[in-house]
Amino acid sequence: MKSMTRPLWLRTVELCRYYRRGPQQVRAVDQVNLDVKKGEFLGIVGASGSGKSTILNLMAGLDTPTSGHIEVDGAVLGALSRRELATYRARRVGMVFQAFNLIAHQTALRNVELALYFNDTLPRERRHRATEILQQLGLGDRLDHRPADMSGGEQQRVAIARALVKKPEILFADEPTGNLDQANTLQIGDLLAGLNDQGLTVVLATHDLNMARRYVHRTVRMDYGRLTESGRARLNGEETGER
Ligand SMILES: Nc1ncnc2c1ncn2[C@@H]1O[C@H](COP(=O)(O)OP(=O)(O)OP(=O)(O)O)[C@@H](O)[C@H]1O
Ligand SMILES: [Mg+2]
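### Overview of the coordination of the magnesium ion (ligand 2)
No. 1: At the metal site, the magnesium ion (ligand 2) is ligated by S53 (OG) and Q98 (OE1), and these contacts range over 2.0 to 2.2 Å. You can see S53 sitting in helix α1 (residues 52–59) and its partner Q98 sitting in the loop between β6 (93–96) and α3 (108–113), a full 45 residues away along the chain.
No. 2: For S53, a relative accessible area of 22% corresponds to the partly exposed category.
No. 3: By relative accessible area, Q98 is classed as partly exposed at 38%.

### Topic: unusual backbone geometry
No. 1: The phi dihedral of D73 is positive, around 50°, even though this residue is not glycine.
No. 2: Here D73 shows up in the loop between β4 (67–72) and β5 (75–76).
No. 3: Positive phi, close to 45°, is recorded for Y224, a residue that is not glycine.
No. 4: Position of Y224 relative to the elements: it lies in the loop between β9 (218–223) and β10 (226–229).

### So, the site of ligand 1
No. 1: Close contacts around ligand 1 come from 14 residues, with S48, G49, K52, T54 and Q98 the closest.
No. 2: Within the side chain of K52, a nitrogen or oxygen atom sits 2.7 Å from an oxygen atom of ligand 1.
No. 3: In the model, an oxygen atom of ligand 1 is placed 2.6 Å from a nitrogen or oxygen of the T54 side chain.
No. 4: If you list the elements that add at least two residues to the shell around ligand 1, you get β1 (8–21), β2 (24–37) and α1.
No. 5: In terms of residue class, the shell around ligand 1 is built from four nonpolar, eight polar and two charged.

Rules and cut-offs
- Residues numbered from 1 in each chain as written.
- Chains lettered and ligands numbered in written order.
- Predicted model: local features only at pLDDT ≥ 70, side-chain atom pairs only at ≥ 80, totals over all residues.
- Heavy atoms only, no water.
- Donors = N, O, S within 2.8 Å, 3.2 Å for Na, K, Ca; no water.
- Helix = DSSP H or I, 4+ residues; strand = E, 2+ residues; numbered from the N terminus.
- Buried < 20%, exposed > 50% of the residue type's maximum accessible area, 1.4 Å probe, protein only.
- Near = heavy atom within 4 Å.
- Polar contact = N/O pair within 3.5 Å; in protein donor to acceptor, adjacent residues only side chain to side chain.
- Nonpolar A, V, L, I, M, F, W, Y, C, P; charged D, E, K, R; others polar.

Bear in mind that shape data such as this cannot, by itself, settle questions of function.
Structural data, given as structure tokens:
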């Protein structure tokens with residue numbers, strides 16, 4: 001199916017997120033209009049500081065825009081009740097944070113299991129699903145390790161497991177392969193592509209143009225908070241097009 005004909009999952013409308021630092025204002029996200037279609041694999045590329053993490057956090061309902069808004073199924077995120085927003089975050093959205101945000105004193109297994117705590121999943125089912133996804137990510141022998149006792153790449157895979165264990169509709173992945181070697185990067189990319197084939201909508205922020213070129217359907221570029229390019233992207237002159 002051509003991405004043009006897919007229904008919308010989410011759209012941002014004149015979305016702005018400004019930070020004030022003393023007399024200085026940083027326009028981290030500046031008047032962005034972005035459509036995310038159901039089932040697409042969207043890449044967001046851009047230099048460090050261009051606003052990729054900021055816009056992912058906004059779309060995941062973890063931050064509030066300065067102005068503009070985000071629509072999901074026609075509803076404005078900012079108009080949802082606290083409870084509705086919590087449900088959005090706990091059930092529909094998976095987020096892989098750039099800085100992992102793992103709980104330091106909990107094991108890999110507990111970190112992943114806890115994602116299901118607010119999801120009405122039964123305890124036995126929580127443990128089963130957490131174990132399964134960690135095994136799938138090659139961490140079957142690290143279940144009882146705490147973050148400090150794992151490599152950066154292992155922690156990153158725990159963060160990915162935690163986002164996926166909820167079986168979200170959409171995954172926001174912020175540099176999910178930033179700490180991984182080539183082999184693990186391809187493993188994660190293949191995993192995300194496989195989940196996308198099964199219907200998961202994926203929004204990937206990355207510096208890694210090879211990753212973008214290999215896996216995404218469509219790339220948009222951020223530049224000082226602005227979306228500078230959309231539609232079928234050209235990366236180094238090469239059209240990525242549809243997979
Ligand atoms: N809490 C904050 N207060 C002030 N400025 C901030 C804050 N968070 C981010 N910024 C600024 O907003 C801009 C966008 O930051 P953001 O983290 O979204 O960039 P990024 O594209 O994800 O960068 P990277 O590729 O390095 O992860 C940057 O200039 C950053 O310094
Ligand atoms: Mg970032």
